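Each chain is listed here by its residues.
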Amino acid sequence: MRRSGKHDGRGWPALGLPHPDKITLPYLKRLETEGSLSSAFENTTSLAMTSLLVLLLVAAAAATRPCPDANAIYPCTCTTEDIGTAIHLNMDCSDVTSDSRLQSVFQASFPFSNFWSLTINPVISHPALTTLSPYVFGEVTFVHVLIDNTYIHTVHEEAFSASHSTLTNLTLINSKINEFPFETMASFLHLRNLSLSNNRFPSLPNLESTSLEVLDLSHNTALTFTQDTLKGTPQLRDIYLHNMDITYFPANVFSSLNRLKLVDLSNNVLKGKLEQAIFRVPLDSVEEIRLNDNSITGIASTAITGMHRTATVDFSNNHITALEWDDWYPLLDQLTGVGAVDLSGNPLQCSCDLVWLLLDEDELDKITDTTTCVDGTPMKNVDINDLLLMC
C-alpha cells in the first residue's frame, strides 16, 4: 500500500547517504567529486528510493540559492554563513523605512524559511517603522533577533509567532516600546535571553518562562516589582535592572530563583537601609550583586543571603557611614577571602564601629583594598591601637 506523508529518513543510510537533515551543499559537492552520488543511484533498486534521490537533487539545486530573490526582499538583504557543514541564513532589514515595507518583504517567496538571525539596526531611525504587526514575518523563523535604535513602540503578540519553537535570543533595545506581549513569553519554548533595555514600558506583569536565563530591563524607568514578578522564571540566572530610577525594591523578589547568579541594581535611587530579605535566594548561588551608585546608608542583618562563597558585592558610591557588626558580619561570613565587598566611595567614619572588623583579619580581607575612610585613609591602614584608645 502506498503511504502518504513525509519520509522519516531511516532508509537513507542504506544508500550510503546521511539523514536528509544532515545533507548540505558542501556534502553534495563532495559526493559529486567522489562519484558517490552516481554510485548511490546504481545501488538503488526501489522506485521509491529513486524518487527520494530525485528530491534530494532538487533540494541540492535549491541549496545553491537558499536566499530569496534580492529584488523581492529589497531593502532587506539575505546572506549565508557556513558553519561547519551547516549553512546559516541571516536577514538584515536595517534599511526598511516603514511598517508596510517590512511586511511586504516577508510576503516574498522564500526557498527556506528557517533563518539564523534577523537584524534591524539602522544608523538613523526611520519614523515610519513603528509597529511589529501580527505575522509580520510570515512563516519565516529566527533563532536570534536584534532590533536596535528604532521608533518601534508596539510589538503585537503574534509578531514572532512562527518562531515560538526556535527563538533563543530576543533583543529589542533603544527603541520606544510601550506595548510588549509579556503574556506570550511562555510560548517561546527555548527563549534564553530577553533584552528590552532602554524602552518605555509603563508596567511589568508577572513573567512566565521555563527557559529564560538572562533578563535585561535596564533603562526602563518607573517599573515596579512585586514578590511574584519573577516567580514564574525558575531558570533565571542574570537580571539587569540598572538605571531604572528604582527608589524601593521589595523583599523576596528573588526567593524562588535557585539558579540566580547576577543581580545588577546599580545606578538607581535606592535609599536608606536595605531591609530584610531583599536579596534572599534559596541556594548559595549568587556570584555578584551590583548596588553601586545608589543612596544606600546600610543593610539589615539578613538583607543579603544565598551568596556563593566567592561572590562579590559592590556597594561603591553610596552613603554608608558605619559598619556595625550586627548588620555586616552576616554578609561577610558568607564569603571567603576570594569574595569581596566593595565599599569605596562611601563616607565611612572608621570609628569605634570598625573595631570588630580591624581585629578580625579574615573578615577584613573580604573588604576591597580600594575602600577608604571619609578622610581618604585606606580602611586596611587604619591604626587599630588608636581606635582602641578612643573606644
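You'll find the structure just up there.
Residues numbered from 1 in each chain as written. Predicted model: local features only at pLDDT ≥ 70, side-chain atom pairs only at ≥ 80, totals over all residues. Heavy atoms only, no water.

*Asks:* Where do I start with the overall build of the chain in this structure?
*Replies:* The secondary structure content of the chain amounts to 9 helices and 18 strands. Burial status across the chain gives 48% buried among its 391 residues. Residue pairs at least 24 apart in sequence account for 62% of intrachain contacts in the chain once pairs closer than 6 positions are excluded. Entry remark: accessible area of the chain is about 19100 Å², with carbon and sulfur atoms responsible for 50%. (Helix = DSSP H or I, 4+ residues; strand = E, 2+ residues; numbered from the N terminus. Buried < 20%, exposed > 50% of the residue type's maximum accessible area, 1.4 Å probe, protein only. Contact = heavy atoms within 4.5 Å. Areas by Shrake-Rupley, 256 points an atom, 1.4 Å probe, with all protein chains shown as cover.)

*Asks:* Please explain the sheet that holds strand E17 (residues 307-314) as it appears in this structure.
*Replies:* Either a parallel or an antiparallel arrangement is found when strands of a sheet pair, and the pairing is made through backbone hydrogen bonds. If you walk across this open sheet you meet the 12 strands as E1-E2-E3-E5-E7-E8-E9-E10-E11-E14-E17-E18, and the pairing is mixed. The strands lining the two open edges of the sheet, one partner per strand, are strand E1 (77-83) and strand E18 (340-342). When the angles between neighbouring strand axes are averaged without regard to direction, this sheet yields 10°. Two strands pair when backbone bridges link them, and strand E10 (residues 238-240) and strand E11 (residues 262-264) are joined in this way by 3 bridges, in the parallel orientation. Residue pairing across strands places tyrosine 240 opposite aspartate 264, the latter belonging to E11. (Pairing = 2+ DSSP bridges. Axes fitted to C-alpha atoms, helices over the stretch in contact; angles between N-to-C directions.)

*Asks:* I'm lost on unusual backbone geometry in this one. Help?
*Replies:* Across residues other than glycine, the phi torsion is negative in most instances, and most of the peptide bonds are trans. Cis geometry marks the peptide bond from tyrosine 74 to proline 75; its omega dihedral reads 10°. For proline 75, the position within the fold is in the loop between helix H4 (70-73) and E1. The residue aspartate 245 is not glycine, and still its phi comes out positive at about 60°. Along the chain, the position of aspartate 245 falls in the loop between E10 and E11. We note that asparagine 267 has phi near 55°; this positive angle belongs to a residue other than glycine. Within the secondary structure, asparagine 267 is located in the loop between E11 and strand E12 (271-274). By relative accessible area, which is 33% here, asparagine 267 ends up partly exposed.

*Asks:* How do you make sense of the environment of leucine 283 when you look at a structure like this?
*Replies:* Summarising the element assignment, leucine 283 is placed in the loop between strand E13 (279-280) and strand E14 (286-290). Of the residues examined, leucine 283 reaches a relative accessible area of 46% and is grouped as partly exposed. For the pair leucine 283 and arginine 259, spaced 24 residues apart in sequence, the C-alpha separation works out to 7.8 Å. If near-sequence neighbours (up to four positions away) are discounted, leucine 283 is found in contact with Asn258 and Gly306.

*Asks:* Can you help me understand the pattern of salt bridges in this one?
*Replies:* Side chains carrying opposite charge are able to pair once their charged atoms draw close together. For the structure on display, the rule yields 8 salt bridges. For lysine 366, the salt bridge goes to glutamate 363, with nearest N and O atoms at 3.2 Å. A relative accessible area of 6% means that glutamate 363 is categorised as buried. A network of salt bridges, in which partner residues are shared, links Glu213, Arg237 and Asp238. (Salt bridge = Lys/Arg side-chain N within 4 Å of Asp/Glu carboxyl O.)

*Asks:* Could you clarify how one ought to interpret helix H6 (residues 325-332) in this entry?
*Replies:* Residue pairs spaced three or four apart in an α-helix point in one direction, given the helix's 3.6 residues per turn. Residues of H6 that are buried include every one of Asp327, Trp328, Leu331 and Leu332, and no others. An end-on view of H6 places all buried positions within 115° of arc, on one side of the element. (Arc of directions from axis to C-beta.)

*Asks:* Would you take a moment to explain the nonpolar core for this structure?
*Replies:* In a soluble, globular protein the nonpolar side chains are often hidden away together inside. Counting residues in each nonpolar core, the largest one holds 99 residues, and the members touching the most others are Phe106, Phe254 and Phe315. Counting residues per element, this core draws most heavily on helix H7 (residues 355-358), which supplies 4 residues. With residues up to four places along the chain from it excluded, the contact list for phenylalanine 254 reads Leu230, Ile239, Phe249, Leu260, Val263, Ile278, Phe279, Arg280, Val281 and Pro282. (Core = buried A, V, L, I, M, F, W, Y, C linked by side-chain atoms within 4.5 Å.)

*Asks:* It is not clear to me how the packing of aromatic side chains should be interpreted in this structure. Could you clarify?
*Replies:* Centre-to-centre distance and the angle between the planes together describe a pair of aromatic rings. Tallied over the entire structure, the rule returns 16 aromatic pairs. Ring plane angle 25° and centroid distance 5.3 Å describe the contact between phenylalanine 137 and phenylalanine 160, whose orientation is recorded as stacked. Pair noted here: phenylalanine 137 is in the loop between strand E4 (131-132) and strand E5 (144-148) and phenylalanine 160 is in the loop between strand E6 (154-155) and strand E7 (169-173), with a separation of 23 residues, a long-range link. Of the two residues, phenylalanine 137 and phenylalanine 160, neither departs from the other in class, the shared state being buried. Measuring from centroid to centroid gives 4.8 Å for phenylalanine 180 and phenylalanine 182, while their planes differ by 65°, and the two rings are edge-to-face. The same class applies to phenylalanine 180 and to phenylalanine 182, which are both buried. Cluster of aromatic residues (ring-pair linked, three or more members): Phe106, Phe110, Phe115, Phe137, Phe142 and Phe160. (Phe/Tyr/Trp six-rings, centres within 6.5 Å; stacked < 30°, edge-to-face > 60°.)

On their own, these measurements won't tell you what the molecule is for.
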